[in-house]
Amino acid sequence: QVQLVESGGGLVHAGDSLRLSCAASGRTGSNYAMGWFRQVPAKEREFVAAITSSSGSTLYADSVKGRFTISRDNTKNTVYLQMNSLKPEDTAVYYCAADPWGGRTSSRSYTYNSWGQGTQVTVSS
(Lines give C-alpha, C1' and ligand atoms only; values in the text may rest on other atoms or scores of the structure.)
Protein backbone atom coordinates (compact mmCIF):
# COMPACT_ATOMS: atom_id res chain seq x y z
CA GLN A 1 0.00 0.00 0.00
CA VAL A 2 2.78 2.41 0.96
CA GLN A 3 6.24 2.17 -0.57
CA LEU A 4 9.19 3.57 1.38
CA VAL A 5 12.68 4.35 0.09
CA GLU A 6 15.52 5.36 2.40
CA SER A 7 18.50 7.44 1.35
CA GLY A 8 21.38 9.36 2.90
CA GLY A 9 23.44 6.59 4.41
CA GLY A 10 27.17 6.38 4.02
CA LEU A 11 30.57 6.06 5.64
CA VAL A 12 31.52 8.68 8.23
CA HIS A 13 33.90 9.11 11.14
CA ALA A 14 32.94 9.16 14.79
CA GLY A 15 31.58 12.56 15.75
CA ASP A 16 30.26 13.32 12.28
CA SER A 17 26.64 13.81 11.24
CA LEU A 18 24.31 12.26 8.68
CA ARG A 19 20.76 13.00 7.65
CA LEU A 20 18.65 10.09 6.47
CA SER A 21 15.54 10.58 4.37
CA CYS A 22 12.60 8.29 3.75
CA ALA A 23 10.31 9.06 0.82
CA ALA A 24 6.81 7.60 0.81
CA SER A 25 4.79 6.86 -2.30
CA GLY A 26 1.85 4.75 -3.42
CA ARG A 27 -0.70 6.54 -1.27
CA THR A 28 -0.61 10.29 -0.82
CA GLY A 29 -2.15 12.00 2.18
CA SER A 30 -2.23 8.92 4.41
CA ASN A 31 -2.28 9.53 8.17
CA TYR A 32 0.70 7.34 9.12
CA ALA A 33 3.02 7.57 12.04
CA MET A 34 6.60 6.88 11.00
CA GLY A 35 9.50 5.14 12.65
CA TRP A 36 13.17 4.40 12.19
CA PHE A 37 14.76 1.07 13.11
CA ARG A 38 18.25 -0.30 12.69
CA GLN A 39 19.78 -3.75 12.51
CA VAL A 40 23.19 -5.38 12.60
CA PRO A 41 23.71 -8.96 11.34
CA ALA A 42 23.88 -10.71 14.72
CA LYS A 43 21.06 -8.81 16.42
CA GLU A 44 17.32 -8.32 16.17
CA ARG A 45 15.94 -5.15 14.67
CA GLU A 46 16.28 -2.25 17.12
CA PHE A 47 13.95 0.71 17.54
CA VAL A 48 15.52 4.12 16.98
CA ALA A 49 12.84 6.82 16.79
CA ALA A 50 9.19 7.43 15.93
CA ILE A 51 6.99 10.41 15.13
CA THR A 52 3.23 10.85 14.92
CA SER A 53 1.48 11.80 11.70
CA SER A 54 1.09 15.42 12.80
CA SER A 55 4.61 15.67 14.32
CA GLY A 56 2.96 16.29 17.67
CA SER A 57 4.90 13.59 19.51
CA THR A 58 8.25 11.86 19.15
CA LEU A 59 9.87 8.88 20.81
CA TYR A 60 13.55 7.94 20.95
CA ALA A 61 15.57 4.97 22.04
CA ASP A 62 17.78 5.71 25.03
CA SER A 63 20.86 4.96 22.95
CA VAL A 64 20.19 7.86 20.55
CA LYS A 65 18.32 10.34 22.73
CA GLY A 66 19.97 13.75 22.60
CA ARG A 67 21.90 12.91 19.44
CA PHE A 68 19.25 11.99 16.87
CA THR A 69 16.20 13.98 15.77
CA ILE A 70 13.26 12.62 13.81
CA SER A 71 11.14 15.01 11.77
CA ARG A 72 8.78 14.94 8.84
CA ASP A 73 7.49 17.09 6.03
CA ASN A 74 4.04 15.87 5.10
CA THR A 75 3.93 18.18 2.10
CA LYS A 76 6.87 16.23 0.68
CA ASN A 77 5.73 12.85 2.07
CA THR A 78 9.16 12.50 3.64
CA VAL A 79 10.47 11.64 7.09
CA TYR A 80 14.00 12.48 8.22
CA LEU A 81 16.47 11.25 10.79
CA GLN A 82 19.15 13.76 11.69
CA MET A 83 22.04 11.89 13.32
CA ASN A 84 24.65 13.93 15.17
CA SER A 85 27.67 12.90 17.22
CA LEU A 86 27.73 9.53 15.53
CA LYS A 87 29.44 6.64 17.27
CA PRO A 88 30.78 3.34 15.91
CA GLU A 89 27.94 1.58 17.75
CA ASP A 90 25.49 3.42 15.47
CA THR A 91 26.75 1.35 12.54
CA ALA A 92 23.80 -0.57 11.12
CA VAL A 93 21.33 -0.80 8.28
CA TYR A 94 18.66 1.80 8.97
CA TYR A 95 15.05 1.15 7.97
CA CYS A 96 12.08 3.46 7.93
CA ALA A 97 8.60 2.12 8.56
CA ALA A 98 4.99 3.29 8.43
CA ASP A 99 2.46 2.72 11.23
CA PRO A 100 -1.19 3.02 10.15
CA TRP A 101 -2.16 4.26 13.61
CA GLY A 102 -1.00 7.82 13.03
CA GLY A 103 -1.49 9.10 16.57
CA ARG A 104 0.98 6.81 18.35
CA THR A 105 4.74 6.58 18.64
CA SER A 106 5.48 2.87 18.82
CA SER A 107 8.79 1.13 19.50
CA ARG A 108 7.34 -2.25 18.50
CA SER A 109 8.23 -3.39 15.02
CA TYR A 110 5.02 -5.41 14.60
CA THR A 111 2.91 -2.24 14.68
CA TYR A 112 4.47 -1.08 11.40
CA ASN A 113 3.07 -2.58 8.22
CA SER A 114 5.30 -0.99 5.56
CA TRP A 115 9.10 -1.07 5.46
CA GLY A 116 11.81 0.32 3.28
CA GLN A 117 14.75 -1.72 2.02
CA GLY A 118 17.24 0.02 4.28
CA THR A 119 20.28 2.24 3.95
CA GLN A 120 23.72 1.41 5.34
CA VAL A 121 25.30 3.70 7.92
CA THR A 122 28.90 2.97 8.84
CA VAL A 123 30.73 4.96 11.51
CA SER A 124 34.47 4.41 11.74
CA SER A 125 36.58 5.09 14.81
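Refer to the structure printed above.
Calculation rules
Residues numbered from 1 in each chain as written. Predicted model: local features only at pLDDT ≥ 70, side-chain atom pairs only at ≥ 80, totals over all residues. Heavy atoms only, no water. Phe/Tyr/Trp six-rings, centres within 6.5 Å; stacked < 30°, edge-to-face > 60°. Lys NZ or Arg CZ within 6 Å of the ring centre and 35° of its normal. Core = buried A, V, L, I, M, F, W, Y, C linked by side-chain atoms within 4.5 Å. Buried < 20%, exposed > 50% of the residue type's maximum accessible area, 1.4 Å probe, protein only. Helix = DSSP H or I, 4+ residues; strand = E, 2+ residues; numbered from the N terminus. Contact = heavy atoms within 4.5 Å.

Trainee: Give me the packing of aromatic side chains: which residues, what numbers.
Mentor: The tally for this structure, following the rule as stated, stands at four aromatic pairs. Aromatic ring contacts, followed pair by pair, group Phe 37, Phe 47, Tyr 112 and Trp 115 into a single cluster. The side chain of Arg 19 reaches across the aromatic face of Tyr 80, ending 4.0 Å from its centre. The cationic tip of Arg 45 hangs over the ring face of Tyr 95; the distance from NZ or CZ to the ring centre is 4.0 Å.

Trainee: Tell me about the nonpolar core, residues and numbers included.
Mentor: Core analysis: the biggest nonpolar cluster contains 31 residues, and Met 34, Trp 36, Val 48, Phe 68, Leu 81, Met 83 and Tyr 94 have the highest contact counts within it. Broken down by secondary-structure element, the contributors of at least two residues to this core are strand 3 (18–25), strand 4 (33–39), strand 5 (46–51), strand 7 (68–73), strand 8 (78–83), strand 9 (92–99) and strand 11 (119–124). If near-sequence neighbours (up to four positions away) are discounted, Val 48 is found in contact with Trp 36, Phe 37, Arg 38, Leu 59, Tyr 60, Ala 61, Val 64, Phe 68, Leu 81 and Tyr 94.

Trainee: Describe unusual backbone geometry, naming the residues involved and giving the relevant values.
Mentor: Residues other than glycine seldom take positive phi values, yet Ser 55 does so here, at roughly 65°. On the secondary structure map, Ser 55 appears in the loop between strand 5 and strand 6 (58–60). Backbone geometry places Ser 85, a non-glycine residue, at a positive phi of 50°. In this structure Ser 85 comes out as partly exposed when scored by relative accessible area, which is 40%.

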